[in-house]
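Residue-level structural notes
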Amino acid sequence: MKTTPTRPERFLDYDKSLACIHCGLCLSSCPTYLETGNENDSPRGRIYLMRAVQDGRLPLAGVAVKHFDLCLGCRACEAVCPSGVQYGELLEHTRDHVEKNFARSWFQTFLRRVAIEQIFPFPWRMKLALLPARLLKKLRADKLLPALARDALNLIPADASAAKLPEISPATAQAKRGRVGFIEGCVMQVMFGKTNKASVALLNRAGFDVLTPTEQGCCGALYAHSGRLEQARECARQNIAAFERLELDGIVINAAGCGSTLKEYGALLRDDPEWAGRGKNFSRRVKDLTEWLAAAGSVYGNDAEAETKFATKVTYHDACHLAHPQRITRQPRELLRVIVGENLVELPESDVCCGSAGSYNLTEPEMAARLQRRKTENILRIGAKVVVTTNPGCILQIRAGLQRAGHADVEVLHLADFLERQGRGASKVAEAE
Ligand code: SF4
Ligand code: SF4
């Protein structure tokens, strides 16, 4: 017997979905459409599916959910849309509806609700979870695992460094220029402690005191991107409260994915009268590290120090959440050019997602691997020996891709590490030449 889907409760901002005029200009920017060529895997197609589910013309079943799940949330479509469609917001609300109303397989439920949501936002749990993973790798027992688990394990960096930053790191430049707050991030403080330290050192050298309040927590990006909006709002409230008592010139973040969520607290808390204004104020003060350093006009306080001769080809991968929602593409390149000059080579499809996309490479490993391969091939094609980017997920994903392709010699690192290392005149790459 044929069943007619019933109209679900309102989850979609219908007017915002109608802003899509079906022009198709976003299709060539959408990584999943580039890979599958399927209209349902394009922004335009997904918006159509969202409306069909909202209207009750399409049941919330496996087919529709698969196309929503396959979306990376990279928001490349938003950056090129002439009609100003707020795709990210439409997606987050659709995902919220999916998570509340769709029964996933036990494996996906465990992966999302336990392995990802109960570990990643809690640094101490992540540290504990990394112990057996590292042991398995050390004993080379990872080869006995199924491919999916092995791939996940390969993402863990060999040089992972955990570090808790001091609450106050004073400026080291002679001329003091102000005070900024710093967001430590969950993955950043457990796996990229060195990068956090490098970021703070760069800010100190540029003349800024850096305050890292201990009351801060997860930015909520992981929850927001996977359709757990209430949990994301809780994270936002905690961070707003932690930073609003401090007198600061800005709040700096060095992870693109977190930065884009931090800049959208105002929108996230729009319907909460107590927190909406506070969220907006907080977001207004958030800046990406590259944005802050470029605006400060100096990487090292004295850029003459940075004029290291750099004879190696370096390329820059645009992390989706820096390039698309935050529209920051110029500043990281400007900072790199100070050191690398003409050896900064543009990466073809630099702003096409590498497949990391938060926890996407765990929940959608097949498409993540396709995009990882695409990114790796582009890097190898231009012969870059160093790949610089600004998001932990991208670093892990691209490193693993190059390793898999037999090119572990190509270095992949965060812009802060690259700048700090060159600033100290300690380039591993330069030494090797
Ligand atoms: S570019 Fe914007 S308006 Fe055009 S199809 Fe894509 S989402 Fe719709
Ligand atoms: S967010 Fe990225 S993957 Fe999703 S529809 Fe837009 S461009 Fe495609």
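For every chain, the first residue of the written sequence is number 1, and numbering continues from 1 along that sequence. In the order they appear in the text, chains get letters beginning with A and ligands get numbers beginning with 1. Local features in this predicted model are restricted to residues whose pLDDT is 70 or higher, and side-chain atom pairs enter the listing and the counts only when it is 80 or higher, whereas totals over whole chains, interfaces and linings include all residues.

Attention now moves to unusual backbone geometry. A positive phi angle, near 55°, is found at Arg327, a position not held by glycine. Summarising the element assignment, Arg327 is placed in the loop between α18 (320-323) and α19 (330-340). Here Glu349, not a glycine, exhibits a phi torsion of approximately 55°, which is positive. In this text, helices come from DSSP runs of H or I with a minimum length of four residues, and strands from runs of E with a minimum of two, each type numbered from the N-terminal end. Mapped onto the elements of the fold, Glu349 is located in the loop between β7 (344-345) and α20 (360-363). The burial label depends on the number of other C-beta atoms within 10 Å of a residue's C-beta. Counts of 20 or more mean buried, 12 or fewer mean exposed, and intermediate counts mean partly exposed, with C-beta atoms placed from the backbone. In this structure Glu349 comes out as partly exposed when scored by C-beta crowding, with 17 C-beta atoms within 10 Å.

A separate point is helix α21 (residues 365-382). Helix span is expected to be 1.5 Å times the residue number reduced by one. Given a rise of 1.5 Å per residue, 18 residues ought to cover 26 Å, and the 26 Å separating the end C-alpha atoms of α21 matches this to within 8%. Within α21, the full set of buried residues consists of Met367, Ala368, Leu371, Gln372, Lys375, Thr376 and Ile379. It is the C-beta atoms, placed from the backbone, that decide contacts: two residues are in contact if theirs lie within 7 Å. Buried residues in α21 make contact with α2 (31-36), β6 (314-316), α20, β8 (386-389) and α22 (392-404).

Note on terminology: a nonpolar core is any set of buried Ala, Val, Leu, Ile, Met, Phe, Trp, Tyr and Cys residues joined through C-beta atoms within 7 Å. Core analysis: the largest hydrophobic core is formed by 108 residues, its most contacted members being Leu203, Val252, Ile253, Leu336, Cys353, Val387 and Val388. For this core, the leading source of residues is α22, giving six residues. Segment limits for the domains were obtained from an automatic or database-derived domain assignment. Looking at this core, you find at least three residues from each of domain 1 (14-101) and domain 2 (302-432). If sequence neighbours within four positions are ignored, Val252 has contacts with Val180, Gly181, Phe182, Leu203, Lys287, Leu289 and Trp292.

Near ligand 1 lie 13 residues; those nearest to it are Cys20, Cys23, Cys26, Cys81 and Ser83. Residues of the shell around ligand 1, tallied by class, amount to nine nonpolar, three polar and one charged. For each residue, a C-beta atom is placed from the backbone, and the residue is labelled near a molecule or strand when this atom is within 6 Å of it. All residues other than Ala, Val, Leu, Ile, Met, Phe, Trp, Tyr, Cys, Pro, Asp, Glu, Lys and Arg, Gly among them, are scored as polar; the first ten of these are nonpolar and the last four charged.

When DSSP finds at least two bridges between two strands, those strands are taken to pair. On the basis of which strands lie adjacent, the open sheet formed by four strands has the order β7-β6-β8-β9 and parallel pairing. Edge positions in the sheet fall to β7 and β9 (411-414), since each of these pairs with one other strand and no more. Of the pairings in the sheet, the one linking β6 to β7 comprises two bridges and is parallel in character. Directly across from Val314, in β7, lies its bridge partner Leu344. This element, α22, spans β8 and β9 of the sheet and lies at about 180° to β9. As a rule, the C-alpha atoms of each element are fitted with a line to give its axis, helices using only the stretch in contact, and angles between N-to-C directions run from 0 to 180 degrees.

Okay, the packing of α21 against α22 next. Relative to each other, α21 and α22 sit at 70°, their axes nearing to 9 Å. The angle between α21 and α22 falls in the class roughly perpendicular. On α22, the residues touching Gln372, Arg373, Lys375, Thr376 and Ile379 of α21 are Gln397, Ile398, Gly401 and Leu402. Considered class by class, the residues forming the contact of α21 with α22 number three nonpolar, four polar and two charged. Should an angle fall under 35 degrees it is taken as roughly parallel, and over 145 as roughly antiparallel, whereas 65 to 115 is taken as roughly perpendicular and any remaining angle as oblique.

Okay, the site of ligand 2 next. Near ligand 2 you find 14 residues, and of these Cys30, Pro43, Cys71, Cys74 and Cys77 are the closest. Its residues assigned to classes, the shell around ligand 2 shows nine nonpolar, three polar and two charged.

What follows concerns the sheet that holds strand β5 (residues 286-288). One open sheet accounts for five strands, arranged β1-β3-β2-β4-β5; its pairing is mixed. Only two strands of the sheet have a single partner each, and these edge strands are β1 (168-169) and β5. Bridge analysis of β1 against strand β3 (residues 208-211) gives two bridges, and the strand direction is antiparallel. Paired with Ser169 across the two strands is Val210, which belongs to β3. Across the sheet, helix α11 (residues 193-205) is in contact with β1, β2 (178-182), β3 and β4 (250-253); its angle to β3 comes to roughly 145°. The strands touched by helix α17 (residues 289-296) within the sheet are β4 and β5, with β5 carrying the most contacts at an inclination of about 85°.

Let us look at the confidence of the model for the protein. The predictor attaches a confidence to each residue, and that confidence, scored 0 to 100, is pLDDT. Looking at the protein, the pLDDT average stands at 89 and 90% of residues meet or exceed 70. Contacts for the low-pLDDT stretch residues 425-433, under 50 throughout, to residues beyond four places or in other chains number 13 contacts.

Take the environment of Asn281 next. On the secondary structure map, Asn281 appears in helix α16 (residues 276-285). Spatially, the C-alpha atoms of Asn281 and Tyr265 are 9.0 Å apart, while their sequence positions differ by 16 residues.

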